[in-house]
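Coordinate inspection notes
As a plain string of letters, each chain reads:
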Amino acid sequence: EERYDLAVSFLEGGSAYYVADHVRAAKKAAFIHVDYEQAGYTRTLDRDCYLEYDRIFPVSDEVKAAFLKAYPECADRTEVFHNILNREKILRQAMLPGGFSDGFEELRLLTMGRLTRQKALEVSIEAMRLLKDAGEAVRWYVLGEGDQRAFLEERVRALGLEADFLLPGSVSNPYPYLRQ
């Protein structure tokens, strides 16, 4: 029942719907972190909730373009707002213990993210198969968890990449991997 000066939906989906429908505020803002259509969102699904927002902040030009394809009438209130990173904290965390421990000394590729359909990690697995077929000494690591783990593990097995395309799971501090 309270009324606020500003309400912010920091995630698309449920958060955006809740703020649009249930929070009373003089101004409303929404952040969008994903390609709207690729992530499976539609205007029907979200019941045009973004029309309720005074400002919409996609995190990149690509995310903005995808969003405006669905909501062209929101162009005048949509502006890119890049994710804010704490550089000093990341550099400190990169120096902590952790990271690669398998002794592999050739080229490493690292992906960090959710194991979800939207990330299309099966394309990375196919790319790894091409690299191995070309004789490249490379190993690919994917840090993260998600509902596509079993599917991705099966693709890795089917292409015979168990030793070279690794899914070690989530880690609390990925920065030592990046440093290495």
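Structure: see above.
If you're wondering where the values come from, they're calculated on a predicted model, not measured in any experiment.

Next up on the list: the packing of aromatic side chains. By the definition in use, this model includes 15 aromatic pairs. Between Y36 and Y50, the aromatic rings sit 6.4 Å apart at their centres with planes inclined by 75 degrees, giving edge-to-face as the arrangement. Of this pair, Y36 sits in the loop between β2 (24-32) and β3 (55-58) while Y50 sits in the loop between β2 and β3, and the two are 14 residues apart along the sequence. Residue classification places Y36 among the buried residues on the basis of a relative accessible area of 3%. Among the aromatic residues, ring-to-ring pairing joins Y36, Y41, Y50, Y53, F67 and Y71 into one connected group.

Of all the 6 residues making up strand β5 (residues 138-143), 6 are buried; the element is thus mostly covered by neighbouring parts of the structure. Both strand β4 (residues 107-112) and β5 contribute to a ladder of 6 bridges, which runs parallel. Each residue of the ladder has a partner; that of M112, found in β5, is L143. What joins β4 to β5 is helix α4 (residues 121-133), and the crossover it makes is right-handed. In this sheet, strand β6 (residues 165-169) lies alongside β5 in parallel orientation, the contact comprising 3 bridges. Looking at β6, one finds that Y141 is bridged to L166.

Okay, the sheet that holds β5 next. Read from one edge of the open sheet, 3 strands run β4-β5-β6, paired in parallel fashion. Pairing within the sheet leaves two strands with one partner each, and these edge strands are β4 and β6. For this sheet the average axis-to-axis angle between neighbouring strands, irrespective of direction, equals 20 degrees. Packing of α4 onto the sheet brings it into contact with β4, β5 and β6, and relative to β5 it is tilted by some 170 degrees.

One non-glycine residue, D48, adopts positive backbone phi at about 55 degrees. Structurally, the position occupied by D48 is in the loop between β2 and β3.

About the criteria used
- Residues numbered from 1 in each chain as written.
- Predicted model: local features only at pLDDT ≥ 70, side-chain atom pairs only at ≥ 80, totals over all residues.
- Heavy atoms only, no water.
- Phe/Tyr/Trp six-rings, centres within 6.5 Å; stacked < 30°, edge-to-face > 60°.
- Helix = DSSP H or I, 4+ residues; strand = E, 2+ residues; numbered from the N terminus.
- Buried < 20%, exposed > 50% of the residue type's maximum accessible area, 1.4 Å probe, protein only.
- Pairing = 2+ DSSP bridges.
- Right-handed = clockwise from strand over helix to strand, strands pointing away.
- Axes fitted to C-alpha atoms, helices over the stretch in contact; angles between N-to-C directions.
- Contact = heavy atoms within 4.5 Å.

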